[in-house]
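Analysis of the macromolecular model
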Amino acid sequence: MSQNDLLEKLKDIAGESQVRTDEPMSSHTTFRIGGTADYFVMPSSVEELQTIIRLLKKSDINYYVIGNGSNLLVGDKGFRGVIIQLSDAFDEVEYIDDVTVKAMSGMKLSRLGNRLSDKGLAGFEFATGIPGTIGGAVRMNAGAYGGEFKDIVISTKCIDITGNIIELANKEQNFSYRHSAFMNNNLIIIQSKLMLDIQENQDEIKQKMDENLNARKSKQPINMPNAGSTFKRGSDFITAKLIDECGLKGYTIGGAQISDVHAGFVVNTGNATAEDVLSLVDYVKNKVYEKFKKEIQLEVEVIGE
């Protein structure tokens, strides 16, 4: 399929205003880093998303699905293929009963947290400060302050590589630390069913949310572009502590810096490239291994060239 043919087909499916070419991915990631995507499309419905997936699969065209771009590093040369963003059209919540909700994958965690607290539903407080969407959070089993998504997800609807919708129960999603089955296949999350708790005192929910948010503000570099926690926690060690003990807080390569607030975060000081970030990550990995003989792993996903 020629580039013009692909462009026209994407416009036919999603509408001309929802398709862009040579789109800078630095505008769509919280790292504010990344070259251009050949095609960038924002489907307005699940049906459009299914049709797009079927088209791309049939034509053997590379694609990647994003939400808020908060756990993502895109290469400096960009992404060859189609970036699909699930955002405003996938931003709905449905209340099933007193403690069960269905949230679509493009809904931001902060927005959902506020809506649940207004309903007197507890159990989501841990997630409200995480800068992502439901889809990304379920995909990586995001967690904070003692909670993880594996604890509240009942089931998840997703689209497979043929464009068909399937539903996976909690156990089928193979949740583990910052990992799920969705990271090993081409399933696209469109909606998750969550089990929460009734809390009659809404002030207690909001107080816990405020406490978590204040802790995040004081302990994480939320005022600088970053992709969330850069490194995974080890099974027998706290990664940020090892990096700190190597004296690497504030260490900089190009525009990428180990945060002087939290050593587990790489931040963009204003003009960082993906190459800067990856060079810094390799440097940190080597220094930690030299000193402690511990191998640390990247938590941020890297795509593109």
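Residues numbered from 1 in each chain as written. Predicted model: local features only at pLDDT ≥ 70, side-chain atom pairs only at ≥ 80, totals over all residues. Heavy atoms only, no water.

**So, the overall build of the chain**
Helix and strand counts for the chain come out as seven helices and 18 strands. Here the C-alpha atoms of the chain give a radius of gyration of 20 Å, agreeing with the 19 Å that 2.2 N^0.38 yields for 305 residues. In terms of principal-axis extent, the alpha carbons of the chain reach across some 55 × 50 × 30 Å. The buried share of the chain, reckoned over its 305 residues, is 50%. In the chain, once contacts between residues fewer than 6 apart in sequence are set aside, the share between residues at least 24 apart is 64%. A gap of 4 Å separates the mean positions of the 34 positive and 42 negative side-chain charges of the chain. (Helix = DSSP H or I, 4+ residues; strand = E, 2+ residues; numbered from the N terminus. Rg over C-alpha atoms; globule rule 2.2 N^0.38 Å. Buried < 20%, exposed > 50% of the residue type's maximum accessible area, 1.4 Å probe, protein only. Contact = heavy atoms within 4.5 Å. Lys, Arg positive; Asp, Glu negative; His and termini not counted. Charge placed at Lys NZ, Arg CZ, Asp CG, Glu CD.)

**Considerations on helix α7 (residues 274-292)**
Its 19 residues give α7 an end-to-end C-alpha distance of 27 Å, which sits within 8% of 27 Å, the value for a rise of 1.5 Å per residue. Along α7, the residues classified as buried are A274, D276, V277, L280, V281, V284 and V288. Each buried residue of α7 lies within a common arc of 155° when the element is viewed along its axis, so the set occupies one face. Relative to its buried face, α7 has exposed residues pointing more than 90 degrees away, namely E275 and E290. Summarising the contacts, the buried residues of α7 are in contact with β4 (72-74), α6 (239-245), β15 (252-253), β16 (256-258) and β17 (266-268). Directly after α7, the chain includes K293, whose backbone phi takes a positive value near 60°. (Expected span 1.5 Å × (residues − 1). Arc of directions from axis to C-beta.)

**Quick look at the sheet that holds strand β7 (residues 100-104)**
Where strands meet in a sheet, backbone hydrogen bonds hold them as pairs that are either parallel or antiparallel. If you walk across this open sheet you meet the five strands as β6-β7-β13-β11-β12, and the pairing is antiparallel. Looking along the sheet, the strands with just one partner apiece sit at the ends: β6 (93-95) and β12 (165-169). The average angle at which neighbouring strand axes cross in this sheet is 20°, direction not considered. Of the strands in this sheet, β7, β11 (153-159), β12 and β13 (188-195) touch helix α2 (residues 46-58), which is tilted by about 140° from β13. Strand contacts of helix α3 (residues 109-118): β6, β7 and β13, with the helix running at about 25° to β6, the strand carrying the most contacts. (Pairing = 2+ DSSP bridges. Axes fitted to C-alpha atoms, helices over the stretch in contact; angles between N-to-C directions.)

**Points about the pattern of salt bridges**
Any two side chains of opposite charge can pair if their charged atoms end up close together. Per the counting criterion, the structure on display carries 14 salt bridges. Across the pair K11 and E16 runs a salt bridge whose closest N-O atoms are separated by 4.0 Å. E16 sits in the exposed class, given a relative accessible area of 58%. Between K249 and D244 there is a salt bridge, and its shortest N-O distance comes to 3.9 Å. For D244, a relative accessible area of 38% translates into the label partly exposed. (Salt bridge = Lys/Arg side-chain N within 4 Å of Asp/Glu carboxyl O.)

**A few points about the pairing of strand β5 (residues 79-85)**
Across the seven residues that make up β5, a large majority, six, are buried. For strand β2 (residues 36-41) and β5, the ladder comprises four bridges, and the chain directions are parallel. Bridging across to β5, V41 finds its partner in I84. When strand β3 (residues 63-66) meets β5, the two strands line up parallel, connected through four bridges. Bridge pairing in β5 links Y63 to V82.

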